[in-house]
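Structure at a glance
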Amino acid sequence: MDEVNSDAFDLSDLLKNDDDEPSTSDMEKAYEMFLGQLVFSANDPRIDIMDNYELCADPKWLTWLDNKINRTTDVEEKMALKDLNDMIVDVVKRVDLSKAAEDRAAQEAEELEKKRISAAEAEMEKGKALSGTDVLKKAAAVDSAGIDAMVAENDDGSTKKTFYEKELTPEIRSSYEDMCSKVLPPYKAGDTPASIVFNYYDQFDAQFIKVLNERAMNGDDDSQAVLNALAVEQQKRVNMATENLRDVLSKGEPMRMQGAIVKLAKEGKIDEPFLLLLEANADQARAAGATGPAELMDKLRERAMTEKDKQSASKEIKLLRQLLREPDQVKREDLLTEAFTPKEALIVSIQLYY
């Protein structure tokens, strides 16, 4: 592992595209060593991919890796290499999209600057033609109505838009192409919009729904069918969450309610609609002045989120959810400190007898 983390696997000299290209056998060895560096590194693979981005993004390397995946007969090795290849392709795509977004933003800023300069020059030309009296009148008008002019300018286009009002950029559309290919036809035998929505439900974020809505508004019937199936699935989940919440509240006592929530968590029934219903009920109770019920709903929601975290597949996801929920910066720092502090002490102390 020390060799892997050292410079022993620095393949930049072998993999760079110079006029004097290495032989096929040398290239094969270099690719195998580079693959070993990625596979056996102790770092997150994405970190190593970014650290060696030019090598990972090299079309020759990607072609070689794809051929190796196709030649591999070991099932586990093939799956591992395919996951690595998918990760590299995803990172390369994200970097390309980020560069495209930066280039587009720079171009838009340049165009705005040109317009500003052009408007300023036009204003200067108008000023040259004004008489002394006209200049004094204009100065007085600017002095008395400067604030109104600034407000009007803001109203013309500088008002901050909401998430739903913002237009989709080409980079956003491109970033969801893979997701569109998963949820839109052609489907495999037996798949329907309803089954696809059910399988990919957790990946339907607000931005992706905006992408589907745009496609549907442009006449894409397949996107509209998926959106319709999504609405049906959402209603099903809300109805199920409502029934689960009624069952919890029917227990009567707070301790028994929390016990019912623990049971739901173990059954995998604590989802986003259930948490949103608890939050909505707490807000309604608080607005009506019912402090007690509101506090109870808050406690039940907190317990539900805690139990949901316990069912998480990894400690990383659990920590991320805790950080997103914690509004206090000091407590967030405490969570991070605790998570990354090595546990050297024994959980149960052992007393030695001589």
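Residues numbered from 1 in each chain as written. Predicted model: local features only at pLDDT ≥ 70, side-chain atom pairs only at ≥ 80, totals over all residues. Heavy atoms only, no water.

1. Here's the deal with the packing of helix H15 (residues 272–287) against helix H16 (residues 291–310)
The contact between H15 and H16 brings their axes to 8 Å, and the two run at 165°. Comparing the axis directions of H15 and H16 gives the class roughly antiparallel. For the element pair H15 and H16, the recorded crossing hand is left-handed. Contacts between H15 and H16 involve Phe274, Leu275, Leu278, Glu279, Asn281, Ala282, Ala285 and Arg286 on the former and, on the latter, Pro293, Ala294, Met297, Asp298, Leu300, Arg301, Ala304, Met305 and Lys308. A per-class count over the contact of H15 with H16 returns 11 nonpolar, one polar and five charged. (Axes fitted to C-alpha atoms, helices over the stretch in contact; angles between N-to-C directions. Helix = DSSP H or I, 4+ residues; strand = E, 2+ residues; numbered from the N terminus. Parallel < 35°, antiparallel > 145°, perpendicular 65-115°, else oblique. Left-handed = near helix turned anticlockwise from the far one by under 90°. Contact = heavy atoms within 4.5 Å. Nonpolar A, V, L, I, M, F, W, Y, C, P; charged D, E, K, R; others polar.)

2. Here's the deal with the packing of aromatic side chains
This structure, assessed with the given rule, holds six aromatic pairs. Ring geometry for tyrosine 31 against tryptophan 64: centres 5.3 Å apart, planes inclined by 45°, an arrangement best described as tilted. Residue tyrosine 31 is found in helix H3 (residues 24–40), and its partner tryptophan 64 is found in helix H6 (residues 59–71); the two are separated by 33 residues along the sequence. Side by side, tyrosine 31 and tryptophan 64 carry an identical accessibility label, which is buried. A centroid spacing of 5.4 Å and a plane angle of 25° characterise the contact between tryptophan 61 and tryptophan 64, whose relative ring orientation is stacked. Pair noted here: tryptophan 61 and tryptophan 64 are both in helix H6, with a separation of three residues, about one helical turn. (Phe/Tyr/Trp six-rings, centres within 6.5 Å; stacked < 30°, edge-to-face > 60°. Buried < 20%, exposed > 50% of the residue type's maximum accessible area, 1.4 Å probe, protein only.)

3. Details of the nonpolar core
Ranked by internal contacts, the top residues of the largest apolar core, which has 20 residues, are Leu35, Leu38, Cys56, Trp61, Leu65 and Ile88. Contributions of two or more residues to this core are made by H3, helix H5 (53–56), H6 and helix H7 (75–129). Residue contributions to this core peak at seven residues, all from H7. For leucine 65, the residues in contact, after removing those within four places along its chain, are Leu35, Leu81, Asn85 and Ile88. (Core = buried A, V, L, I, M, F, W, Y, C linked by side-chain atoms within 4.5 Å.)

4. A short note on the confidence of the model for the protein chain
Per-residue confidence for the protein chain gives a mean pLDDT of 79; residues scoring 70 or more make up 77%. This stretch, residues 345–354, has a pLDDT under 50; its non-local contacts, to residues over four places away or in other chains, come to zero contacts. (pLDDT = per-residue confidence, 0-100.)

5. Some points on the pattern of salt bridges
By the definition in use, this model includes 16 salt bridges. The partner of lysine 82 in a salt bridge is aspartate 86, and the shortest N-O contact between them spans 3.4 Å. Taken together, the residues lysine 82 and aspartate 86, both in helix H7 and four residues apart, mark about one turn of the helix. On the accessibility criterion, lysine 82 (44% relative accessible area) is partly exposed. The class of aspartate 86 is partly exposed, set by a relative accessible area of 37%. Glutamate 267 serves as the salt-bridge partner of lysine 263, at 2.7 Å between the closest nitrogen and oxygen. Each of Lys263, Glu267 and Lys269 takes part in a single network of salt bridges with overlapping partners. (Salt bridge = Lys/Arg side-chain N within 4 Å of Asp/Glu carboxyl O.)

6. Re the environment of glutamate 214
Mapped onto the elements, glutamate 214 comes out in helix H12 (residues 206–217). For glutamate 214, a relative accessible area of 24% gives the class partly exposed. Residues glutamate 214 and glutamine 224, 10 residues apart in the sequence, show an inter-C-alpha distance of 9.7 Å. Residues in contact with glutamate 214, not counting those within four places in the same chain, are Leu168 and Arg173.

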